[in-house]
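# Structural description and commentary
Here is how the chains run, residue by residue.
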Amino acid sequence: SSFWHNSGASQVKVVAGTLLHVNLMNPSETQVQVDLPTLDIKLQADAHSWMYEVLGRVMTPLIQRSMQLFGGKVLSHFVAKCLADPTCPHLQQHVTTSLPSSSLLVI
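Residues numbered from 1 in each chain as written. Predicted model: local features only at pLDDT ≥ 70, side-chain atom pairs only at ≥ 80, totals over all residues. Heavy atoms only, no water.

## Side note on the overall build of the chain
Spelled out, the test is: Put simply, DSSP marks the helices as runs of H or I at least four residues long and the strands as runs of E at least two long, and each gets a number from the N terminus on. Think of it in three bands: with a 1.4 Å probe and only protein chains considered, a residue is buried below 20% of the maximum accessible area for its type, exposed above 50%, and partly exposed in between. The Shrake-Rupley method, run with a 1.4 Å probe sphere, supplies the accessible areas, and residue values consider only the shown protein chains as cover.
The number of helices and strands found in the chain is one helix and two strands. Going residue by residue from the N terminus, the α and β elements of the chain occur as β-β-α. Taking all 107 residues of the chain together, 15% fall into the buried category. Carbon and sulfur atoms make up 62% of the accessible area of the chain, which amounts to about 9200 Å² in all.

## What to know about a nonpolar patch on the surface
For clarity, the threshold we go by: Residues form patches when they are more than 30% accessible in relative terms and have no salt bridge. Like charges link within 9 Å. Nonpolar side chains (Val, Leu, Ile, Met, Phe, Trp, Tyr) link within 5 Å. One speaks of a salt bridge when a side-chain nitrogen belonging to Lys or Arg is within 4 Å of a carboxyl oxygen belonging to Asp or Glu.
Residues Trp 50, Met 51, Val 54, Leu 55, Val 58, Met 59, Leu 62, Ile 63 and Met 67 make up a contiguous nonpolar surface patch of about 820 Å² in total accessible area. Structurally, Val 54 can be placed in helix 1 (residues 49-84). A relative accessible area of 38% places Val 54 in the partly exposed class.

## With respect to the state of the cysteines
This is how the line gets drawn: The definition used for a disulfide is geometric: two cysteine sulfur atoms within 2.5 Å.
Counting across every chain of the model gives one disulfide. A sulfur-sulfur separation of 1.8 Å characterises the disulfide bridge that pairs Cys 82 with Cys 88. Because the sign of the S-S torsion sets the handedness, a value of about -100 degrees for the bond joining Cys 82 and Cys 88 places this disulfide among the left-handed ones. Since its relative accessible area comes to 25%, Cys 82 is described here as partly exposed. The exposure class of Cys 88 is partly exposed, given its relative accessible area of 23%.

See the structure below:
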């Protein structure tokens, strides 16, 4: 049924900032604050365009506040968890190889 399907495009413009307070003595007190002074979401749909325009206007402030309130708490948790783990970050070693000089092409 075409009633349940829609297609279109979307555009998001974001200006974001973070404040990171690291407590090395007590990692659980580490805090990350997220600030989204600009969040602009535009939804363009092929059908029912009025509904998606209203949805973007209504949901943008909710998403913006949620990201600011809960985003910092989630990031704080992961940063504190990483600081408490001496093996963190768990990065894989990247091996880089250089090409032999005979295979270089200079133009």
